[in-house]
Amino acid sequence: MPLHSSTNASSPSPYLSTDAAMLALMKRPLPHDHFPQHPSEPEMVYQILSEELLLDGNSKQNLATFCQTWESPQVHRLMDLAIDKNLIDKDEYPQTAEIERRCVNLLADLWNAPGEAIGCSTIGSSEASMLGGMAAKWRWRARQQAAGRPTDRPNMVCGSVQICWKKFARYWDIELREIEMTANGLCISPEEVLEQVDENTIFVVPTMGVTYHGLYEDVKAISEALDDLQARTGLDVPLHVDAASGGFLAPFTSPDREPWDFRLKRVKSINASGHKFGMAPLGVGWVLFREPEDLPEELIFHVSYLGGDMPTFQINFSRPAGQVISQYYDFVRFGRDGYAAVHGSSHEIAQYCAAALNEIDEFTIIHNGNPAHGIPAVVWTLGSDAEQGFTLYDLADRLRMRGWQVPAYPFTGELANRAYQRILVKRDFTREMADLLLADIRKAVAHLRNHPVVIREPATARGTYNHL
Ligand SMILES: Cc1ncc(COP(=O)(O)O)c(C=O)c1O
């Protein structure tokens, strides 16, 4: 086969080219520090970049992330259709605005809003939690001002939350009253919450699927304790539920569980990540408010829409539209039964993995992926680091040699000196993949047993995973 000297659509690879510009690009490094002066051959740049990205690791083996690592061909096509659409341009793309509106309505239904809930898409749960938090701060301030009370020391009460809440507290000057874990309490208890709340509490934030261990916090028990507090003292403390993962799991895989959503009157807002168990591609989250009055008017900005007015609430202005469109596709494509089937199988595979890991003498299972208790994740720890001759950080390192990303990290409070390890089971983690991972874990543990590691530092000093 002759070598071609120019690129065209039939050229299988730019490496076959003898074009001087192509070859020049192969022989020099890409610009790292200085903005390039000249253009380069697009196919060659694509080829070099796509190969550089192979160093990122394989997202299929990324069991650390809660986010989707597989998207359907239809979603890829919709994302392509929407690549040039800006979600903020409601007037220019009114149908996309309509699709976002429908998603909010469907979520209000899914989370049992009693009346006219309002909400919006966000870039993820982090932005959604900021918006929920801002609304709570503004509502609290108005209440305090109306009562002639000070407004300079707001606080929020929560358990061991994801970093987005630490950011929210720092950026918006809120005292974070984070109740850390104890040996007997991985989730916050109503009693602990009551000890922390006062008239400056803007809200309490229970989590449906705590990032560290995946368990659902008992929103109903906390809500009832706050009802009781209000009956005794008049203090009315609202709830915001961080349902980043659970918001797209609990309604489908444990529909009979105690209410955790807008069925509880005290729940004023909920956030969830569309790109986690909502199954949309990366870059979409949701925040919903129980009723319009739960989102203070001063926080709403108005953009023009079909010659009229569209209220918006978001931190960014320009945003990609494809994720919201894909989210709607998923809602229609799967429906409640489809979500229950897909996530149900993830829970099954998680429980299968938990049972197998439980057979390894050194491991103690903390969450086995049971849908009644939490999200489709498996979390475990070692009986005692010193006796095993290795830590979970060593195990994580060995698994990385096979490409698996299975983070080891500490919990909080009394459990901050112990290492835990976690896998998130998502829809592309098949039984076949599970068996391959389990075989690699068994081999890695056998190796570490035979080659004990000298442990000189406390487990927390080895942190390989720090974006909890
Ligand atoms: C409980 C919880 N809240 C919030 C977030 C942040 O979500 P996002 O990545 O969508 O911003 C996460 C992410 O893992 C989470 O687990």
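Note that the structure is predicted; figures quoted are calculated from it, not measured. (Residues numbered from 1 in each chain as written. Predicted model: local features only at pLDDT ≥ 70, side-chain atom pairs only at ≥ 80, totals over all residues.)

**Examining the site of the ligand**
- Neighbouring the ligand are 14 residues, the closest being Gly 124, Ser 125, Ser 126, Ala 244 and Ser 273.
- For the shell around the ligand, the per-class residue count stands at three nonpolar, ten polar and one charged. (Near = placed C-beta within 6 Å. Nonpolar A, V, L, I, M, F, W, Y, C, P; charged D, E, K, R; others polar.)

**A few points about the sheet that holds strand E10 (residues 363-367)**
- What the four strands build is an open sheet, ordered E10-E11-E13-E12; its pairing is antiparallel. Edge positions in the sheet fall to E10 and strand E12 (408-410), since each of these pairs with one other strand and no more. When strand polarity is set aside, the average angle formed by the axes of neighbouring strands in this sheet is 35°.
- The strands touched by helix H10 (residues 322-358) are E10, strand E11 (377-382) and strand E13 (419-424); relative to E11, the strand with the most contacts, the crossing angle is about 15°.
- Seen against the sheet, helix H12 (residues 392-400) touches E11, E12 and E13 and runs at an angle of roughly 35° to E13. (Pairing = 2+ DSSP bridges. Helix = DSSP H or I, 4+ residues; strand = E, 2+ residues; numbered from the N terminus. Axes fitted to C-alpha atoms, helices over the stretch in contact; angles between N-to-C directions. Contact = placed C-beta atoms within 7 Å.)

**A few points about helix H13 (residues 431-450)**
- Look at H13: 29 Å from first C-alpha to last across 20 residues, which is about the 28 Å you get at 1.5 Å a residue.
- Among all positions of H13, only Leu 437, Ile 441, Ala 444 and Val 445 are buried. All buried residues of H13 lie within an arc of 100° about the axis, which places them on one face of the element. In this structure, H13 carries Arg 431, Glu 432, Ala 439, Ala 446 and Asn 450 as exposed residues pointing more than 90 degrees from its buried face.
- On its buried side, H13 packs onto H12. (Expected span 1.5 Å × (residues − 1). Buried ≥ 20, exposed ≤ 12 C-beta atoms within 10 Å, placed from the backbone. Arc of directions from axis to C-beta.)

**So, the pairing of strand E5 (residues 239-242)**
- In E5, alternate side chains face the same way, and those of Leu 239 and Val 241 on one face and His 240 and Asp 242 on the other are all buried.
- Across four bridges, E5 lies against strand E6 (residues 267-273) in parallel orientation. Note that in E6 the partner of Leu 239 across the bridge is Val 267.

**Describing the nonpolar core**
- Val 204, Leu 288 and Val 378 are the most contacted members of the largest nonpolar core, which has 117 residues in total.
- The element that contributes the greatest number of residues to this core is H10, accounting for ten residues.
- In contact with Leu 288, other than residues within four places in its own chain, are Val 104, Leu 107, Ala 108, Trp 111, Ala 113, Ala 117, Gly 119, Ser 269 and Ile 270. (Core = buried A, V, L, I, M, F, W, Y, C linked by C-beta atoms within 7 Å.)

**Thoughts on the packing of helix H3 (residues 73-81) against H10**
- At a minimum axis distance of 9 Å, the contact between H3 and H10 shows a crossing angle of 145°. In this structure, H3 crosses over H10, and the sense of that crossing is right-handed. When H3 is examined against H10, the residues Gln 74, Val 75, Leu 78 and Met 79 are found in contact with a partner set consisting of Gly 322, Ile 325, Ser 326 and Tyr 329.
- For the contact of H3 with H10, the residue count by class is five nonpolar, three polar and no charged. (Left-handed = near helix turned anticlockwise from the far one by under 90°.)

**So, the packing of helix H4 (residues 94-110) against H10**
- In contact at an axis separation of 9 Å, H4 and H10 are set at 50° when each is read in the N-to-C sense. Considering the angle they form, H4 stands oblique to H10. Where H4 crosses over H10, the two elements pack in a sense that is left-handed. Across the interface between the two elements, Thr 96, Ile 99, Glu 100, Arg 102, Cys 103 and Leu 106 from H4 touch Val 324, Ile 325, Gln 327, Tyr 328 and Phe 331 from H10.
- Across the contact of H4 with H10, the residue classes break down as seven nonpolar, two polar and two charged. (Parallel < 35°, antiparallel > 145°, perpendicular 65-115°, else oblique.)

**As for H4**
- For H4, built from 17 residues, the straight-helix expectation of 24 Å at 1.5 Å per residue is met to within 8% by its first-to-last C-alpha distance of 24 Å.
- Buried within H4 are the following residues: Thr 96, Ala 97, Ile 99, Glu 100, Cys 103, Leu 107, Ala 108 and Leu 110.
- Those residues of H4 hidden inside the fold are in contact with strand E1 (118-122), helix H9 (250-253), strand E7 (285-289), strand E8 (301-305), strand E9 (308-312) and H10.
- Following H4 by one or two positions, Asn 112 has its phi on the positive side, about 60°.

**Some words on the pairing of strand E4 (residues 201-205)**
- Across the five residues of E4, five count as buried, placing the element largely inside the fold.
- As defined by bridge partners, strand E2 (residues 155-158) adjoins E4 across four bridges and the pair is classed as parallel. Following the sheet pairing, Asn 155 is matched in E4 by Thr 201.

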